[in-house]
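Observations on the model geometry
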Amino acid sequence: MHDDLYKDATALLQGAGRASRRRALGLMLGAGYAAAAAPVMAQTAIDTPSDGLEVGEVSYPSGNFQVHAYRAAPKGKTNLPVILVVSEIFGVHEYIADVCRRLAHAGYLAIAPDLFERQGDPMSYGELAKLMSEVVAKVPDAQVMGDLDATVAWAGAHGGDAKKVGITGFCWGGRITWLYAAHAQVLAGVAWYGRLAGQDTPLQPRQPLALAAQVKAPVLGLYGGKDEGIPVATIEQMKAALAKAGAPASGAQFVVYPDAPHAFHADYRASYRKDAAEDGWKRALAWFKQHGLN
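Below: a short report on this structure. Residue numbers here run from 1 along each chain, matching the order of that chain's written sequence. Where totals are concerned, whole chains, interfaces and linings use all residues; where local detail is concerned, this predicted model gives features only for residues with pLDDT of at least 70, and gives and counts side-chain atom pairs only at 80 or more. Excluding hydrogens and water, the side-chain values take into account all heavy atoms of the structure.

As for the overall build of the protein chain
Helix numbers and strand numbers start at the N terminus; a helix is a DSSP run of H or I with at least 4 residues, a strand a run of E with at least 2. Scanning the protein chain from N- to C-terminus turns up seven helices and eight strands. What you see for the protein chain is a C-alpha radius of gyration of 17 Å, in line with the 19 Å of a compact globule of 294 residues. Overall, the C-alpha framework of the protein chain stretches about 50 × 45 × 40 Å when taken along its three principal axes. For the exposure calls, accessible area comes from a 1.4 Å probe over protein chains only, and a residue counts as buried if that area is under 20% of its type's maximum, exposed if over 50%, partly exposed in between. Counting over 294 residues, the protein chain shows a buried share of 56%. Within the protein chain, contacts between residues separated by at least 24 positions form 74% of all contacts whose residues are at least 6 apart in sequence. A total of about 11600 Å² of accessible surface is found on the protein chain, and carbon and sulfur atoms cover 52% of it. When charges are counted, Lys and Arg are positive and Asp and Glu negative, with His and the chain ends excluded. We put the charge of a Lys on NZ, of an Arg on CZ, of an Asp on CG and of a Glu on CD. Side-chain charges of the protein chain comprise 28 positive and 28 negative groups, with the mean position of each set lying 3 Å from the other. For this measure, only C-alpha atoms enter the radius of gyration; the expected value for a globule follows 2.2 Å times N^0.38, where N is the number of residues. Between two residues, a contact is recorded if the distance between any of their heavy atoms is within 4.5 Å. Here the open area of atoms and residues is found with the Shrake-Rupley method and a 1.4 Å probe, where only the protein chains shown may cover a residue.

Quick word on the pairing of strand β2 (residues 65–74)
Burial analysis of β2 places seven of its 10 residues in the buried class, which makes it a mostly covered element. Relative to β2, strand β1 (residues 53–62) is paired through 10 bridges, and the arrangement is antiparallel. Bridge pairing in β2 places Ser59 opposite His68. Paired strands are those between which DSSP finds at least two bridges. Adjacent in sequence and paired antiparallel, β1 and β2 are bridged by two residues, among which Gly63 carries a positive phi angle near 65°. Examined bridge by bridge, β2 and strand β4 (residues 109–113) share four bridges and lie antiparallel to one another. In the strand pairing of β4, Tyr70 is matched with Ala112.

Considerations on the pairing of strand β5 (residues 160–170)
For strand β3 (residues 80–86) and β5, the ladder comprises six bridges, and the chain directions are parallel. When the sheet's bridge partners are listed, Val85 is paired in β5 with Thr168. Direction of pairing for β5 relative to strand β6 (residues 188–192): parallel, over a ladder of five bridges. For Phe170, the partnering residue across the bridge sits in β6 and is Trp192. Between the parallel pair β5 and β6, the chain is carried across by helix α5 (residues 172–183), and the sense of this crossover is right-handed. Crossovers are marked right-handed if the path from the first strand over the helix to the second runs clockwise, as seen with the strands pointing away from the viewer.

The following block contains the structure:
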């Protein structure tokens, strides 16, 4: 496992204490929390109801593989704008499913594919080091881009408007948000504390900073000033690279919450910072609306 992935993992668990194995969780996406993410801060975890929504697991082909995803959308609506939701290293557990429901209540078809599925099930891992080395580190960026393309295709055929697509992601998914904005024609992205620079590997050959000139959509970057894994200096480098790239990449904006750590939006973690999370969420919704996604 290379150093950048290890930093992502340890940042997610800062202040959470020692992880312990939890009881076996349900197989359905969004059922419970990943074992390696324990302990869970139940008193701050948000539980968004599914009233008026169509929610649950769906599946669709990506090449010769069947991808599974959690989807939430306003019941009975069609031609909905689509938001791809990309998880942290812990996969599509209840927090990510809840984010989808929040977006659905805001009028979106929100869908979170299980992008680790070929390599393993993050929900089944109770040890962070094994999760990182046996699953996350083995996921190729090219595979992720293909699975997200397939997700857009499915959404477009099932109530979504494939010409109105946005993407948001958290930690590992924040980095993927930047990569997908360079890969595909989305209208906008919101990257929550996604790594911008780091070590290139055969499976992760280029980092967001190196791809800045190829970004095809305005991205809102939401970061913590006390994130030990993402130096503010890296954010400044990304700002400069995007500005140099010209539109639409130069339309990016960054918000750095001075007192927030990594994973400040993760309401089930000790890293959660309510003020920053709520402000970031309002900004994310406004960003999508500003760029034609509502």
